[in-house]
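Close look at the chain arrangement
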Amino acid sequence: MSEPVVEADDLWKGFRSGDKRIEVLRGVDLRLGAGESVSIRGESGSGKTTFVHILAGLEALDRGDLRWRGESLKGRRRASLARDRARFLGMVFQSFYLIPEMNALDNVLMARRMLGTPDRTSRERAREMMERVGLGERMDHLPSQLSGGEKQRVGVARALVNEPAVILADEPTGNLDELTGNAILDLLLSVCREQDTALVLVTHNKEHARRTDRGFLLKLGRFEEPGENGQ
Ligand SMILES: Nc1ncnc2c1ncn2[C@@H]1O[C@H](COP(=O)(O)OP(=O)(O)OP(=O)(O)O)[C@@H](O)[C@H]1O
Ligand SMILES: [Mg+2]
């Protein structure tokens, strides 16, 4: 494998609920190479979203180590981590999380602001991404004026506008019908390939999971690599 972009070693994470404690992740490892795609399946509540939040540096670890391009996130300050996150990774969510008051182009442009690049370059880049996801004619539409599939296209454009090393997509097709979901997956895989962006895809869809380079099943807090390509 090429130099890993993400390395997760022996990740442990639990939560208190009332006077009980649940251990959600119990020693999860992942090495993600540049441009590589992996899928993660697992029952509801198995810890997939928790894992994604940890990879994004949004949730602290109880134990273990997480490195972005070889650099540990341990002891990092929040502000510098937020800046690095904007450069290093993009996220795609099941419920899109677009800002309702902003048009599609400005939603994409928002992600760019964190980088502090000049407005003109950013605007061009955001427009380019909107064209790439097939929404060249929808740039000034508000999210409420877009279909679910179109909203997720904006989500994909926003995630990739900074040319990140990694995309974390947590059930990106979970709120879409089958055909629309398939189109979004095609788009995500092809844009990631074009930009040499690694992809972590959380999905309940076995067909989608099969299309990534490797697949894992999160079970009892650990990854299983069941059979060929996680199936
Ligand atoms: N902040 C929190 N406080 C307490 N418990 C939490 C917290 N976040 C997650 N959990 C618990 O951790 C477990 C894993 O949740 P998580 O959202 O990671 O599951 P998931 O695999 O993404 O499920 P789904 O497929 O339904 O999205 C669940 O039992 C959940 O209730
Ligand atoms: Mg989840």
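Please refer to the structure higher up on the page.
Throughout what follows, the structure given in this document is the object of discussion. Just so it is clear, the structure is predicted and the values come from calculations on it, not from any experiment. (Residues numbered from 1 in each chain as written. Chains lettered and ligands numbered in written order. Predicted model: local features only at pLDDT ≥ 70, side-chain atom pairs only at ≥ 80, totals over all residues. Heavy atoms only, no water.)

**As for the pattern of salt bridges**
Where charged atoms of side chains with opposite charge meet at close range, the side chains can pair. Put simply, the test is: When a carboxyl oxygen of Asp or Glu is within 4 Å of a side-chain nitrogen of Lys or Arg, the pair counts as a salt bridge. A run of H or I in DSSP becomes a helix once it reaches four residues, and a run of E becomes a strand once it reaches two; helices and strands are each numbered from the N terminus. Burial status follows relative accessibility: with a 1.4 Å probe on protein chains alone, a residue under 20% of its type maximum counts as buried, one over 50% as exposed, and anything between as partly exposed.
Considering all chains together, one arrives at 19 salt bridges under this definition. We note a salt bridge from R76 to D84, for which the minimum N-O separation is 2.7 Å. Close ionic contact of D186 with R211 constitutes a salt bridge, the shortest N to O distance being 2.7 Å. Taken together, the residues D186 in helix 6 (residues 178–195) and R211 in the loop between helix 7 (206–210) and strand 9 (214–219) connect sequence positions 25 residues apart. Look at R211 and you get partly exposed, because its relative accessible area is 42%. Through salt bridges with shared partners, a single network forms among E7, D9, R31, D65, R67 and K74.

**Looking at the layout of surface pockets**
A water-sized probe rolled over the atoms picks out the places where empty space is left. Definition in use: Think of a 1 Å grid over the protein atoms and nothing else: a 1.4 Å probe that fits but is trapped marks a cavity, an open set flanked by protein within 12 Å on at least five of seven lines marks a pocket, and residues with an atom within 4 Å of a point count as lining. Grid points are joined across faces, edges and corners, and a volume is the space filled by probe spheres set on the points. Just so you know the grouping, Ala, Val, Leu, Ile, Met, Phe, Trp, Tyr, Cys and Pro go in nonpolar, Asp, Glu, Lys and Arg go in charged, and all remaining residues, Gly too, go in polar.
The calculated volume of the largest pocket comes to roughly 470 Å³. Around the largest pocket sit 17 residues that line it, and A86, L89, M91, A111 and R158 are the ones nearest its centre. Looking at the lining of the largest pocket, the elements that each hand over two or more residues are helix 2 (78–88), strand 6 (89–93), helix 3 (104–113) and helix 5 (148–160). With four residues, the single largest contributor to the lining of the largest pocket is strand 6. Split into classes, the residues belonging to the lining of the largest pocket amount to twelve nonpolar, three polar and two charged. In this structure, the second largest pocket is lined by 18 residues; those nearest its centre are G57, E59, A60, L73 and L81.

**Brief notes about the site of ligand 1**
As a reminder, the rule being used: Note on definitions. A residue lies near a molecule or strand when any single heavy atom of the residue is within 4 Å of it. The definition of a polar contact used here is a pair of N or O atoms within 3.5 Å, where within protein one atom must be able to donate a hydrogen and the other to accept one, and adjacent residues in sequence count solely through side-chain atom pairs. For the area figures, the Shrake-Rupley method with a 1.4 Å probe applies, and any residue is considered shielded solely by the protein chains shown.
Within the structure, ligand 1 sits among 13 residues, and S44, G45, K48, T49 and T50 are positioned closest to it. In the environment of ligand 1, an oxygen atom lies 3.0 Å from a nitrogen or oxygen atom belonging to the backbone of G47. One of the side-chain nitrogen or oxygen atoms of T50 is found 2.6 Å away from an oxygen atom of ligand 1. Alone, ligand 1 offers 650 Å² of accessible surface; in the complex the protein occludes 60% of this. Residue contributions to the shell around ligand 1 peak at three residues, all from helix 1 (residues 48–55). Class assignment of the residues belonging to the shell around ligand 1 gives a composition of three nonpolar, seven polar and three charged.

**Regarding the packing of aromatic side chains**
The following threshold applies: Here a pair means two rings of Phe, Tyr or Trp (six-membered ring of Trp) with centres within 6.5 Å. Their orientation is stacked below 30 degrees between planes, edge-to-face above 60, and tilted elsewhere.
All chains considered together, the criterion is met by four aromatic pairs. Aromatic pair F51 and F223: ring centres 5.2 Å apart, planes at 80 degrees, arrangement edge-to-face. Taken together, the residues span a long stretch of sequence, with F51 in helix 1 and F223 in strand 10 (residues 222–224) at a distance of 172 residues. Ring geometry for W68 versus F88: centroids 4.9 Å apart, planes at 25 degrees, classification stacked. Here F88 lies in helix 2 and W68 lies in strand 4 (residues 63–68), a separation of 20 residues in the sequence. Given the relative accessible area of 6%, W68 is considered buried.

**Remarks on the sheet that holds strand 4**
Let me state the cut-off plainly: For two strands to count as paired, DSSP must find a minimum of two bridges between them. Any two residues having at least one pair of non-hydrogen atoms within 4.5 Å are treated as being in contact. To get an axis, fit a line to the C-alpha atoms, keeping to the stretch in contact for a helix; angles then go from 0 to 180 degrees between the N-to-C directions.
Overall, antiparallel pairing links the four strands, which are arranged 2-1-4-5 in an open sheet. Of all the strands in the sheet, just strand 2 (20–33) and strand 5 (71–72) have a single pairing partner and so form its edges. With eleven bridges joining them, strand 1 (residues 4–17) and strand 2 adopt antiparallel strand pairing. Within strand 2, the position partnered with G14 by the bridge is E23. Sitting on the sheet, helix 2 touches strand 1 and strand 4, and the angle it makes with strand 4 is about 55 degrees.

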